[in-house]
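Inside the fold
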Amino acid sequence: MTPTSSLKPHIVTLGTAGGPRWWAAADSGERTGIATAVVVGDAFYLVDFGQGAGRRLSQSGLQLKDLRALFITHLHSDHVYDLAGLGIFGLYALTERTENPVRIIGPGNRGELPAVSPRAVVEPQPLAPENPTPGTRQMFEQLMKAHATDLNDRILDSLRPSPLDIFHAEDIQIPAESGYHPNNNPTPDMEPFEVYRDELVTVTAILVEHPPVA
Ligand SMILES: [Zn+2]
């Protein structure tokens, strides 16, 4: 039993600092990127996993083995920066989870780049033009592949599982009837739709205005 298991469902704010920076200015102390744990009985869920969230999670007393799923609100870096750390360091605490991987659920591939700002003087050149708007699944898989030299040492020499067997990253399918379009209609009127369910929780999502993404 964890110390939290007798409490009603509650949240633990692991980090609340928004914006793509380290937030270590002398007058602000050491801030952590956005991450929230939702604790339900002996299980917990994560919503976003920003910079420093892995360390905060390890300090929180929550046990990684009790993690059911991670939900990503959107793919801005201040909400996802520690995903690589979760995949690489987390697999040591989760070696038994190959039959029951931790689901990482978030937005799919945006499909189109945003419009170029009218303030542009020179046409900006996008990063990774062959796939410039990866979604949650591609992002997580690419992060792990970027660390393949290290991870393959561990898989082949230390006989560790692959993080792609421990974590299952998947893209939320937005209901087609919503009329969603990443640039022309990013936040149509809609009802919340289900993205996850287990015996403890049901998780629904809705598109929220956050230009230039939803
Ligand atoms: Zn954002």
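Structure first, text after, so check above.
Attention here is on the structure that accompanies the text. (Residues numbered from 1 in each chain as written. Predicted model: local features only at pLDDT ≥ 70, side-chain atom pairs only at ≥ 80, totals over all residues. Heavy atoms only, no water.)

1. As for the overall build of the protein chain
What counts is decided by this rule: Helix and strand labels come from DSSP, where a helix needs a run of H or I of at least four residues and a strand needs a run of E of at least two; each type is numbered from the N terminus. Here the term buried applies to any residue with accessible area under 20% of the maximum for its type, exposed to any over 50%, and partly exposed to those in between, with areas from a 1.4 Å probe on protein chains only.
Counting its regular elements, the protein chain contains six helices and eight strands. From first element to last, N terminus to C terminus, the protein chain shows the α and β order β-β-β-α-β-α-α-β-α-α-α-β-β-β. Overall size of the protein chain, expressed as C-alpha extent along the three principal axes, is 55 × 45 × 40 Å. Counting every position in the protein chain, which comprises 214 residues, the buried fraction comes to 36%.

2. Digging into the coordination of the zinc ion
Heads up, the condition is: Coordinating donors are taken as N, O and S atoms within 2.8 Å of the metal, stretched to 3.2 Å for Na, K and Ca; because water is absent from the atoms, sites can appear incomplete.
Donor atoms from the polypeptide that bind the zinc ion are H74 (NE2), H76 (ND1) and H210 (NE2), placed at 2.1 Å. Along the chain, the residues that donate to the zinc ion are spaced as H-x1-H-x133-H. Here H76, found in the loop between β4 (67–71) and α2 (77–80), pairs with H210, found in the segment after β8 (202–205); they are 134 residues apart in sequence, far enough to count as distant. Accessibility expressed as a relative area gives 33% for H210, which makes it partly exposed.

3. Comments concerning the nonpolar core
The line we're drawing: Buried residues of nine kinds, namely Ala, Val, Leu, Ile, Met, Phe, Trp, Tyr and Cys, make up a nonpolar core once their side-chain atoms join them within 4.5 Å.
In this structure, F44, L46, F49, L57, L70, I104 and F167 are the most contacted members of the largest nonpolar core, which totals 29 residues. Going through the elements one at a time, β2 (35–40), β3 (43–49), α1 (53–59), β4, α3 (83–89), β5 (102–107), α4 (136–146) and β6 (167–172) are the ones with two or more residues in this core. The leading source of residues in this core is α3, at four residues. In terms of nonpolar packing, the next biggest core, distinct from the first, is built from 13 residues, V40, Y45, F193 and L207 among them.

4. Digging into the pattern of salt bridges
The following threshold applies: Whenever a carboxyl oxygen of Asp or Glu lies within 4 Å of a side-chain nitrogen of Lys or Arg, that contact is scored as a salt bridge.
A full pass over the atoms with the stated rule returns seven salt bridges. E170 is the partner of R103 in a salt bridge, and the nearest nitrogen-oxygen pair spans 2.8 Å. Of this pair, R103 sits in strand β5 while E170 is found in strand β6, placing the two residues 67 residues apart along the sequence. Its salt-bridge partner being R197, residue E194 comes within 2.8 Å of it at the nearest N-O pair. On the accessibility criterion, E194 (43% relative accessible area) is partly exposed. In the salt-bridge network here, residues are joined through shared partners; they are R68, D198 and E199.

5. Topic: the side chain of R97
Formally: The convention is simple: Lys and Arg are positive, Asp and Glu are negative, and His and the chain ends are not counted. Any N or O atom pair separated by 3.5 Å or less is treated as a polar contact, with the protein-specific requirement of one donor-capable and one acceptor-capable atom, and with residues adjacent in sequence counted only for side-chain atom pairs. Any two residues having at least one pair of non-hydrogen atoms within 4.5 Å are treated as being in contact.
Position of R97 relative to the elements: it lies in the loop between α3 and β5. No salt bridge forms around the buried R97; measuring N to O, its nearest opposite-charge neighbour D66 is 7.1 Å away. A distance of 2.7 Å separates the side chain of R97 from the backbone oxygen of N100, its partner in a polar contact. Ignoring any residue separated from it by four or fewer positions in sequence, one finds R97 in contact with K65, L67, R68, V102, D165 and I166.

6. Details of unusual backbone geometry
A cis amide bond links P211 to the next residue, P212, at an omega of 0°. If you trace the backbone, P212 turns up in the segment after β8. Despite not being glycine, D48 shows a phi value in the positive range, around 70°. Among the structural elements, D48 can be located in strand β3.

7. Things to note about α4
For clarity, the threshold we go by: Each direction from the helix axis to a C-beta atom contributes to the arc, which is the arc of those directions.
Those residues of α4 that fall on the buried side of the exposure criterion are T136, F140 and M144. Angularly, the buried residues of α4 cover 60° about the axis, an arc narrow enough to put them on a single face. Opposite the buried face of α4, by more than 90 degrees, sit the exposed residues K145 and A146. Where the residues of α4 are buried, they touch α3, β5, α5 (148–156), α6 (163–166) and β6.

8. Looking at the environment of V116
With respect to the helices and strands, V116 occurs in the loop between β5 and α4. For V116, a relative accessible area of 42% corresponds to the partly exposed category. Sequence-distant contacts of V116, that is, excluding residues within four places in its chain, are made with E123 and P124.

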